[in-house]
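Structural overview
Okay, here's what each chain looks like letter by letter:
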Amino acid sequence: MFFTLVNLSRFLGVNPDEALRKTISKFIKRFRYIEEQAEITGRSLNEMTLDEMETLWQESKAKD
């Protein structure tokens, strides 16, 4: 599947290495936001519900 995505990106004129780096960077930035918000509220990620984390994820996306 990975090779298919690389070939598709090349076909579309997208640099697969750059696209992957940007995607990973966005993920890390958004996940850090969730961790920071959990720390601010004095909670661990284990204590948060998936709905709470999803809300924070959406907040972080809105800030991009």
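Residues numbered from 1 in each chain as written. Predicted model: local features only at pLDDT ≥ 70, side-chain atom pairs only at ≥ 80, totals over all residues. Heavy atoms only, no water.

1. Quick notes on the layout of surface pockets
Considering only enclosed or pocket space, the largest pocket measures out at about 190 Å³ in volume. Lining the largest pocket are Phe2, Leu5, Val6, Ser9, Arg10, Val14, Pro16, Asp17, Ala19 and Leu20. The element that contributes the greatest number of residues to the lining of the largest pocket is helix α1 (residues 2–11), accounting for five residues. Looking at the lining of the largest pocket, its residues break down into seven nonpolar, one polar and two charged. (1 Å grid on protein atoms, 1.4 Å probe; cavity = no way out; pocket = protein on both sides within 12 Å on 5 of 7 lines; lining within 4 Å. Points joined across faces, edges and corners; volume = space filled by probe spheres on them. Helix = DSSP H or I, 4+ residues; strand = E, 2+ residues; numbered from the N terminus. Nonpolar A, V, L, I, M, F, W, Y, C, P; charged D, E, K, R; others polar.)

2. Some thoughts on the confidence of the model for the protein
Summing up the model confidence of the protein, the mean pLDDT is 94 and the portion of residues at 70 or higher is 100%. Within the protein, helix α3 (residues 50–63) carries the highest mean pLDDT (96), whereas α1 carries the lowest (88). (pLDDT = per-residue confidence, 0-100.)

3. Re the pattern of salt bridges
Within the structure shown, the criterion is met by four salt bridges. One salt bridge in this structure joins Lys22 and Glu18, with 3.1 Å as the shortest N-O distance. A residue pair is termed a helical-turn pair when its members lie 3 or 4 positions apart in one helix, as Lys22 and Glu18 do in helix α2 (residues 16–40) at four residues. Within this structure, Lys29, Arg30 and Asp64 form a network of salt bridges that share partners. (Salt bridge = Lys/Arg side-chain N within 4 Å of Asp/Glu carboxyl O.)

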